[in-house]
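Overview (structure and organization)
Each chain is listed here by its residues.
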Amino acid sequence: MDNNWIEITGGILAIGGSIFLFLGSLGLLRMPDAYNRIQTGTKASTLGTILSLAGLFFFFPGWFGKFMILILFVLITNPISSHVLARAAYFTGVPLTRKTTVDQLNESLNEDPSRRAHLRKVSTNTEEDKI
Amino acid sequence: MAKILLDIAISITLLSLLVSLIRFILGPEKVNRIIAFDVMSVSGIALIAYVAALSQRIIYMDIALVYGILGFIGVIIVARYIEKGL
């Protein structure tokens, strides 16, 4: 009887995680901008995967090491990939949406011309492509 | 009872993979496609973990870890390619 209730708790946690995964990909479909898509997709999928693995832990308590390795791996590598994607999108000139009110990176680049010179050296390829 | 809950979770995860596949197909640029690929690879980790729980084999968790590492390296490589070129 006790074992049954533990498994039902794990199943409810796993359903919550999969609902987070579904909402993340729904935001990926509906958001207007590449940066908003990065925001919804990576954060919601991180939480969804961690909740799903934590729900499966209630079914198999002996697999604790594997679940912890997978949770730590997702928790470390997912922010890195979202950061690299946002950096690549900004420096290749992917347009912001029209509703954007503040772009602090562009403002700080206008204040300090030396940083802009460095960043232009980074993204020379795209400017040649635009010409 | 608990197995039914796992089946519901697996079907919702498959539905999320299908929805992000739509963004992968009609994304306007390379950047949107690689964002959709990132979300699909992270959802694939959860899906392989569900398959491991259904078939009750711990070796599939190692497959999920290797799949996650390959997806992460693929996303990093394609993002660097978009930014700086080969």
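Above this text sits the structure in question.
Residues numbered from 1 in each chain as written. Chains lettered and ligands numbered in written order. Predicted model: local features only at pLDDT ≥ 70, side-chain atom pairs only at ≥ 80, totals over all residues. Heavy atoms only, no water.

Quick word on the overall build of chain B
On a plain count of helices and strands, chain B comes out with three helices and zero strands. In sequence order, chain B lays out its α and β elements as α-α-α. For chain B, the C-alpha radius of gyration of 15 Å lies well beyond 12 Å, the compact-globule estimate for 86 residues. Each of the three principal axes of chain B carries a C-alpha extent, and together these read 50 × 25 × 10 Å. Residues classed as buried in chain B amount to 47% of the 86 residues present. Pairs at least 24 residues apart make up 52% of the contacts formed inside chain B by residues separated by at least 6 positions. (Helix = DSSP H or I, 4+ residues; strand = E, 2+ residues; numbered from the N terminus. Rg over C-alpha atoms; globule rule 2.2 N^0.38 Å. Buried < 20%, exposed > 50% of the residue type's maximum accessible area, 1.4 Å probe, protein only. Contact = heavy atoms within 4.5 Å.)

Let's talk about the packing of aromatic side chains
Residues and elements named next belong to chain A. The final tally for this structure, using the stated rule, is six aromatic pairs over all chains. With a centroid separation of 4.5 Å and an interplanar angle of 10°, the aromatic rings of Phe60 and Trp63 are classed as stacked. This pair shows no difference in class: Phe60 is buried, exactly as Trp63 is. A connected cluster of aromatic rings, assembled from ring pairs, spans Tyr35, Tyr90 and Phe91. (Phe/Tyr/Trp six-rings, centres within 6.5 Å; stacked < 30°, edge-to-face > 60°.)

Remarks on the interface of chain B and chain A
Chain B puts 48 residues into the contact, and the matching count from chain A is 47 residues. Together, the buried faces of chain B and chain A total about 4,200 Å²; carbon and sulfur atoms form 79% of this surface. Between chain B and chain A we count two salt bridges in total. Applying the counting criterion to the chain B and chain A interface returns ten residue pairs in polar contact (both at pLDDT 80 or more). Tallied by class, residues from the side of chain B that touches chain A come to 33 nonpolar, eight polar and seven charged. (Buried area = accessible area lost by both parts, 1.4 Å probe. Salt bridge = Lys/Arg side-chain N within 4 Å of Asp/Glu carboxyl O. Polar contact = N/O pair within 3.5 Å; in protein donor to acceptor, adjacent residues only side chain to side chain. Nonpolar A, V, L, I, M, F, W, Y, C, P; charged D, E, K, R; others polar.)

Side note on the pattern of salt bridges
Throughout the structure, instances matching the rule amount to three salt bridges over all chains. The partner of Glu83 of chain B in a salt bridge is Arg87 of chain A, and the shortest N-O contact between them spans 3.0 Å. Taken together, the positions of Glu83 of chain B in helix H3 (residues 59–84) and Arg87 of chain A in helix H3 (residues 64–91) put the pair across two chains. Here Arg87 of chain A falls in the partly exposed class, since its relative accessible area comes to 30%. The salt bridge involving Arg80 of chain B is made with Glu83 of chain B; its shortest N-O contact spans 3.8 Å. Of this pair, Arg80 of chain B and Glu83 of chain B both sit in helix H3, three residues apart, roughly one helical turn. Residue Glu83 of chain B is classed as buried on the basis of its relative accessible area, which comes to 0%. Within the structure, one salt-bridge network assembled from shared partners comprises Arg87 of chain A together with Arg80 and Glu83 of chain B.

Here's the deal with the nonpolar core
If you look at the biggest cluster of nonpolar residues, it comprises 29 residues, and the most contacted ones within it are Leu56 of chain A together with Tyr50 and Met61 of chain B. Elements represented by at least two residues in this core include exactly helix H1 (2–30), helix H2 (34–59) and H3 of chain A together with helix H1 (2–26), helix H2 (30–55) and H3 of chain B. Ranked by the residues each element gives to this core, the list is headed by H2 of chain B, at seven residues. Within the second largest apolar cluster, 17 residues are counted, among which are Ala88 and Val94 of chain A together with Ile35 and Val75 of chain B. (Core = buried A, V, L, I, M, F, W, Y, C linked by side-chain atoms within 4.5 Å.)

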